[in-house]
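# Notes for the structure review
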Amino acid sequence: MPVRRKLKRRRLIYTLCVLDIAVLAVAVLFLFHDYFAQLLAFLDPDVDRKFLKMVFREHGLKDALLLLLLTVTTTAIPVFSSSVVCIVNGACFGPVIGFLLNICGTSLGNLCMWTFFTRYDLPRKPQRFDAFLDEINHYRQKIYGILAGYMMPMFPSFVVNYMSVHLKLEPPTALLSIVMGMVPTSLIYAFGGNAIFE
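The text that follows walks through the structure, step by step, so that each part is easy to find. (Residues numbered from 1 in each chain as written. Predicted model: local features only at pLDDT ≥ 70, side-chain atom pairs only at ≥ 80, totals over all residues. Heavy atoms only, no water.)

## Details of the overall build of the chain
Within the chain one finds 8 helices and 0 strands. Each helix and strand of the chain, ordered N terminal to C terminal, gives the series α-α-α-α-α-α-α-α. Counting every position in the chain, which comprises 198 residues, the buried fraction comes to 40%. The long-range share in the chain, meaning contacts at least 24 apart out of those at least 6 apart in sequence, stands at 76%. Accessible surface for the chain amounts to roughly 11,700 Å². Of this, 69% is attributable to carbon and sulfur atoms. (Helix = DSSP H or I, 4+ residues; strand = E, 2+ residues; numbered from the N terminus. Buried < 20%, exposed > 50% of the residue type's maximum accessible area, 1.4 Å probe, protein only. Contact = heavy atoms within 4.5 Å. Areas by Shrake-Rupley, 256 points an atom, 1.4 Å probe, with all protein chains shown as cover.)

Take a look at the structure:
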């Protein structure tokens, strides 16, 4: 029975990864289609930066939703990094809307991963999880260690989410730590993307 359960869990993990990658591919294709002309202009060294900024930011709600979806999926899939998408959010929509896209996308992506770990454990816990748990144990209040993990890009978010579930944080506390932890990097990436045109 435990073996059958493990096989079902592994199949579910693979199925979810394939679905996420499919959604990611579709979103990338749509965005590439919408931004192809702007990308060509961006590669032209003689193009006026103010004109380029205006052209990049003439896109509307559809592209914002596609970028939000892209941010969620790249955050939720362990093998991808959402940092490039978050920078693109700032470049295409400015620092304020870019920040909102970043914080909403990364928070939703981490929340999806956290919810998954509350229902399904990993087939095998990697040894690096133990090292990260040792780091968290240095904090008197474990939530500070989780917050630090979300704030630091060098810690993979799926490891932090797994540890959050492992430490049995209450759902409101886990959600608060996700949102608060994503604020610094969301700001940095949004303003960094905006700085491309400055």
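Additional details are given in the paragraphs that follow.
## Points about the environment of Ala64
Relative to the elements of secondary structure, Ala64 occurs in helix 3 (residues 61-76). By relative accessible area, which is 12% here, Ala64 ends up buried.

## A look at the packing of helix 6 (residues 142-151) against helix 8 (residues 171-194)
Where helix 6 meets helix 8, the closest approach of the two axes is 7 Å, and the angle between their N-to-C directions is 40 degrees. When the axis of helix 6 is compared with that of helix 8, the two are oblique. When the axes of helix 6 and helix 8 are compared, the crossing they make is right-handed. On helix 8, the residues touching Ile143, Ile146, Leu147, Tyr150 and Met151 of helix 6 are Thr173, Ser177, Ile178, Met180, Gly181, Met182, Pro184 and Thr185. Among the residues making up the contact of helix 6 with helix 8, the classes are represented as 9 nonpolar, 4 polar and no charged. (Axes fitted to C-alpha atoms, helices over the stretch in contact; angles between N-to-C directions. Parallel < 35°, antiparallel > 145°, perpendicular 65-115°, else oblique. Left-handed = near helix turned anticlockwise from the far one by under 90°. Nonpolar A, V, L, I, M, F, W, Y, C, P; charged D, E, K, R; others polar.)

## Side note on the packing of aromatic side chains
Between two aromatic rings, the relevant description is the distance of the centres plus the angle of the planes. Summed over the entire model, instances satisfying the criterion amount to 2 aromatic pairs. Measuring from centroid to centroid gives 5.8 Å for Phe116 and Phe117, while their planes differ by 65 degrees, and the two rings are edge-to-face. Just as Phe116 is buried, Phe117 falls in that class too. Ring centres of Phe117 and Tyr162 lie 5.3 Å apart, and the angle between their planes is 90 degrees; on these two criteria the pair is classed as edge-to-face. (Phe/Tyr/Trp six-rings, centres within 6.5 Å; stacked < 30°, edge-to-face > 60°.)

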